[in-house]
Each structure stands twice: as structure tokens, then as C-alpha cells.
Amino acid sequence: MASITFKGVKKSYDGKNFVVHDFNLEIADKEFVVFVGPSGCGKSTTLRMIAGLEEISDGELYIGDRLVNDVLPKNRDIAMVFQNYALYPHMSVRKNMAFGLKLKKVPKDEINRKISEAAKILDIEQYLDRKPKDLSGGQRQRVALGRAMVRDASVFLLDEPLSNLDAKLRNHMRTEITKLHDVLGTTFVYVTHDQTEAMTMGDRIVVMKDGYIRQVDTPQALYDKPNSLFVASFIGSPQMNFLDAILTEQDGNLSVKIGDFSIPLPPDKGVDSNLKDYINKEIIVGIRPEDIHNEDIFIKMSEESTFETQIDLAELMGSEIYLHFNFQGNMVIARVSSRNAVQKGDKIKLSINMRKIHIFDKQTEMAICH
């Protein structure tokens, strides 16, 4: 088993423009870490540098205690699962899984034992003699995982392995990969642009943008305390609402003024922050859709943050409804229970849970308080 350490790692293809900048990160042995970010942010390039498929332009990369900058991929003790499965079409599942072991001259009995164990864990025993073209996308992905498993590698690298699957199968395979990590007890590094995968699978999430690490933390900490507007917008579905506001003060009490609507802040909000430096300045208020309520009991408790609005669109999502409406010139989404059966055109009262709001610096887009 092995940890992974990045020390000032950079990647450039032309020696001038960098796609990964000053990457510093410590991934613990047996940890499940997810790299997440929009397309082109450098997450797959970073994964490929771990694998040795991309050269490191600057900095140091360690797997365990070994510097691997110049170590060939085959000697790094890693296993990689690709987005497109990368199976040999002319070989059976069994031969696909055995291929890497045969190259290493592993005894035939041991190869058969490893394949049998992996196939049982992944529930693909009945497909061992079939060829990839005879399998579904989910079955092919299991074969690709099995081929990686039999190598007993110290590090598993997974590059958007579920992106070619339909939504139902993706949900199932998320669970399977998480279970697999628990069974193998191996270091997993997983790349995705899907924040749902990141939130449900990773011990820690590395949020990337433009080749930089923007924040590294546990899923819950990222959700509760995003350090910037970008992270706040990327983590959560539907994404956080952002409203232009001005911070005001009266008799020592702080309020946020959104358009013509002024809402007092809870006394404990921002006690340890530098919020008072922003009095009479423009800020951005972040409100997650689930922190806007239409329940009578909440509205009665939160009269100061309650307002009336007309619903422009109501999206029924089963147990929830996404309500789209205009609030002081801002298009806002609330996520409420479907028990109330709110429909397009309805005029209803909604209330913001002010204890859950986030406040950001409008210029730097960094978080001021949560």
C-alpha cells in the first residue's frame, strides 16, 4: 500500500503555458481521494502524471517514499481504470484480466486464483468466457475494474470510469466502487466532473479550476464551508443561489440588504469573521436551495426573513419540488417537499434560514463567513 505526495508539481506541454500549477497534496495510504472540477481544469492530467503517462514538468511526485518522476509506468505499482474501459476486443474477459499478469510471468495457477477471486467480488463469473462486444457497458466496466484488481497494485487510478454509463447504472456502480475500495484497502484516486460522484464516494475531495487546487476537504466540510464562490457553486445540486447585497449596520446589529429587502443577520453569524470590515459595502449572499422553506412552522419562526413571491416554474422531482422564482431581481431556486404540491403561478410565502447563509467578498469571490 502507498501514500502519494505532490511537491510543487507543474505540467506544461510547451514550456510556457502550464495546465497544472504548483500542485501540493498529500494523499494518505488507503485513502479515497476524488479530483473534481470542470472540463480542462487539469484533473485528468494530474492523474496521468501519477500513472507516469504524462511527464512532470517541475516538482516532485512520490508514491510511498519513492520519488517516481522518472520511473516507468509499469514500475510504479499502480493500476488504472479508463473512461473507455480499454479492453482488448479479440480477447475473452478471462484473457483480458490475465494479460498483465502473463506479461509479468505470474504462474498460471496464481493467475486463475486471482481472476476467480476478482470475478466473484465483481459478480462477473458468468462472463469470463465472453468477449467485450457481448457485454453491457456496466459489465465491461466491471471487467476493467477486475483487470486492475488482479494486479494487487498499491494505488488505483480511475479516470471518469462511469461517464459512459446511464444514470441508473452510474448510481449502482458508484456503490460498487466504494465497496471495492473497502474490500481492497488500497489507495484510490478518482477523477470526475460529477460533483454527486465526488460527494458520495470520496474521503476527501480536491476541487480544481484552471490547473490550481481551489480547496481540499471532506465532502461535508466542502458543502458547509466552501472557501470561495467557485467551490460553493460547484458543490451542491441544485447549485447555491447567489444574490448581490449590501451589508448594513444599525444599533450594532448587522443586516444584508438585497434589493429593497433587508434581513437581519443572526447575532452569532460571523462573530469570528471580519464581517464588520464590509459594512456599507457590496457583498454576495449565498443561499442553498434547501435553506429556503415554505413550511408554516418555519415561516412563523422566521418572519424577518419571510417574503411573498410568485412561482415561475415548479419542477417535480418525486419527493421534492424545485421552485424557480424572482426575488428582488435575482432568479432563485428553492428545494421544498412535494407534499405541499406548489405549482407554477402560485403565490406563496417563503422564508430564508439566515443561519445557513454564506457571505462572499464581491471582488475576490472568497468566503467571508458561513
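Placed above this text is the structure.
Numbering of residues starts from 1 in each chain and follows the order in which that chain's sequence is written. The model is predicted, so local features are restricted to residues of pLDDT at least 70 and side-chain atom pairs to those at 80 or more, both for listing and for counting; the totals for chains, interfaces and linings are taken over all residues. Computation of side-chain values covers all heavy atoms of the structure but excludes hydrogens and water.

Chemist: Just to check I follow, could you spell out the pairing of strand β12 (residues 253-258) for this structure?
Modeler: Successive side chains on a regular strand alternate, one facing one side of the sheet and the next facing the other. Two strands qualify as a pair provided that DSSP identifies no fewer than 2 bridges between them. The numbering of helices and of strands both runs from the N terminus, where a helix is a DSSP run of H or I of at least 4 residues and a strand a run of E of at least 2. Pairing geometry for strand β11 (residues 241-250) and β12, over five bridges, is antiparallel. Among the inter-strand pairings, Leu247 is bridged to a residue of β12, identified as Val256. The hairpin turn running from β11 into β12, its antiparallel successor, is two residues long, and Asp251 in that turn takes a positive phi close to 55°. Bridge count for β12 against strand β13 (residues 261-264) is four bridges, and the pairing is antiparallel. Across the sheet, residue Ser255 finds its bridge partner in β13, namely Pro264.

Chemist: Would you explain the sheet that holds strand β18 (residues 330-337) in this entry?
Modeler: Hydrogen bonds between backbone atoms are what pair the strands of a sheet, whose relative direction is either parallel or antiparallel. As summarised here, the arrangement of the five strands in space is β15-β19-β16-β17-β18, forming an open sheet in which the pairing is antiparallel. Lying at the two open borders of the sheet, with one neighbouring strand each, are β15 (292-293) and β18. Note: strand β16 (residues 306-316) against strand β19 (residues 347-352), five bridges, orientation antiparallel. Note that in β19 the partner of Glu308 across the bridge is Lys349.

Chemist: Is there a simple way to think about unusual backbone geometry in this case?
Modeler: A negative phi angle characterises most non-glycine residues, just as the trans form characterises most peptide bonds. With an omega of -10°, the peptide bond between Ser237 and Pro238 qualifies as cis. Looking at the element boundaries, Pro238 is found in the loop between α8 (229-234) and β11. Its identity as a non-glycine residue notwithstanding, Asp123 has a phi of 60°, on the positive side. Looking at the element boundaries, Asp123 is found in the loop between α3 (108-122) and α4 (137-149). Backbone geometry at Asp210 places phi at a positive 55°, although glycine is not the residue there.

Chemist: What's the story with the pattern of salt bridges in this structure? I'm lost.
Modeler: Salt bridge criterion: a side-chain nitrogen from Lys or Arg within 4 Å of a carboxyl oxygen from Asp or Glu. Per the stated rule, a full pass over the model turns up 14 salt bridges. Here Glu31 and Arg204 are joined by a salt bridge, their closest N and O atoms 2.5 Å apart. In this pair, Glu31 sits in the loop between β2 (18-27) and β3 (32-36) while Arg204 sits in strand β9 (residues 204-209), placing the two residues 173 residues apart along the sequence. Relative accessibility under 20% of the residue-type maximum defines a buried residue, over 50% an exposed one, and the middle range a partly exposed one, all with a 1.4 Å probe and only protein chains included. Classification of Glu31 by relative accessible area gives buried; the value is 11%. Among the salt bridges present, the one from Glu110 reaches Lys114, with a minimum N-O distance of 4.0 Å.

Chemist: Could you clarify how one ought to interpret the side chain of Ser92 in this entry?
Modeler: In this structure, Ser92 sits in the loop between β6 (78-81) and α2 (93-103). You can call Ser92 buried: its relative accessible area is 13%. Leaving out residues up to four positions away in the same chain, Ser92 has contacts with Leu128, Asp129, Arg130 and Lys131. Should any heavy atoms of two residues lie within 4.5 Å, those residues are considered in contact.

Chemist: Before we go on, may I ask you to explain the sheet that holds strand β4 (residues 58-63) in this structure?
Modeler: Strand order in the open sheet made by the four strands is β2-β1-β4-β5, with antiparallel pairing throughout. Strands at the two margins of the open sheet, each flanked by one partner only, are β2 and β5 (66-67). Pairing of strand β1 (residues 4-12) with β2 involves six bridges; the strand directions are antiparallel. Pairing of Phe6 across the sheet is with Leu25, part of β2.

Chemist: It is not clear to me how α2 should be interpreted in this structure. Could you clarify?
Modeler: Structural remark: α-helix, 3.6 residues per turn; residues separated by three or four positions point the same way. Looking only at α2, the buried set comprises Val93, Asn96, Met97, Ala98 and Leu101. Where α2 is buried, its residues contact α3 and α4. Lys105 lies just past α2 and shows a positive phi near 60°.

Chemist: What am I meant to see in the pairing of strand β10 (residues 212-217) here?
Modeler: In terms of strand pairing, β9 meets β10 through five bridges, oriented antiparallel. Pairing of Val206 across the sheet is with Val216, part of β10.

Chemist: Could you clarify how one ought to interpret the packing of aromatic side chains in this entry?
Modeler: Stacked, tilted and edge-to-face are the three classes applied to pairs of Phe, Tyr and Trp rings, where Trp contributes its six-membered ring and a pair requires centres within 6.5 Å; stacked means planes under 30 degrees apart, edge-to-face means over 60, and tilted covers the rest. All told, the structure shown has 12 aromatic pairs when counted by the stated rule. Plain terms: the ring middles of Phe242 and Phe360 are 6.0 Å apart, the flat faces sit at 75° to each other, and that makes the pair edge-to-face. Here Phe242, found in strand β11, pairs with Phe360, found in strand β20 (residues 358-361); they are 118 residues apart in sequence, far enough to count as distant. Residue Phe360 is classed as buried on the basis of its relative accessible area of 0%. The ring of Tyr13 carries the charged tip of Lys11 above its face, separated from the ring centre by 4.7 Å. Lysine and arginine charges are scored as sitting over a ring when NZ or CZ, respectively, is within 6 Å of the ring centre and within 35 degrees of the ring normal. Over the aromatic face of Tyr223 sits the side chain of Arg288, whose NZ or CZ is 3.9 Å from the ring centroid.

Chemist: Sorry, what's going on with the packing of α3 against α4 here?
Modeler: A pair of packed helices is captured by two measures, namely the crossing angle of their axes and the spacing between those axes. Relative orientation of the contacting elements α3 and α4 amounts to 140°, with a least axis distance of 9 Å. What the angle tells us is that α3 and α4 run oblique. The interaxial crossing formed by α3 with α4 has right-handed handedness. From α3, Ala118, Ile121 and Leu122 reach across to α4, where they touch Arg142, Leu145, Gly146 and Met149. Each residue receives one of three labels: charged for Asp, Glu, Lys and Arg, nonpolar for Ala, Val, Leu, Ile, Met, Phe, Trp, Tyr, Cys and Pro, and polar for the others, Gly being one of them. Taken together, the residues of the contact of α3 with α4 sort by class into five nonpolar, one polar and one charged. Only the stretch in contact is used when a helix axis is fitted, and all axes are lines through C-alpha atoms; the angle between N-to-C directions ranges over 0 to 180 degrees. Our angle categories are set so that under 35 degrees counts as roughly parallel, over 145 as roughly antiparallel, 65 to 115 as roughly perpendicular, and the remainder as oblique. By the definition used in this description, the sense in which the near helix is turned from the far one sets the handedness, with an anticlockwise turn below a right angle giving left-handed and a clockwise turn giving right-handed.

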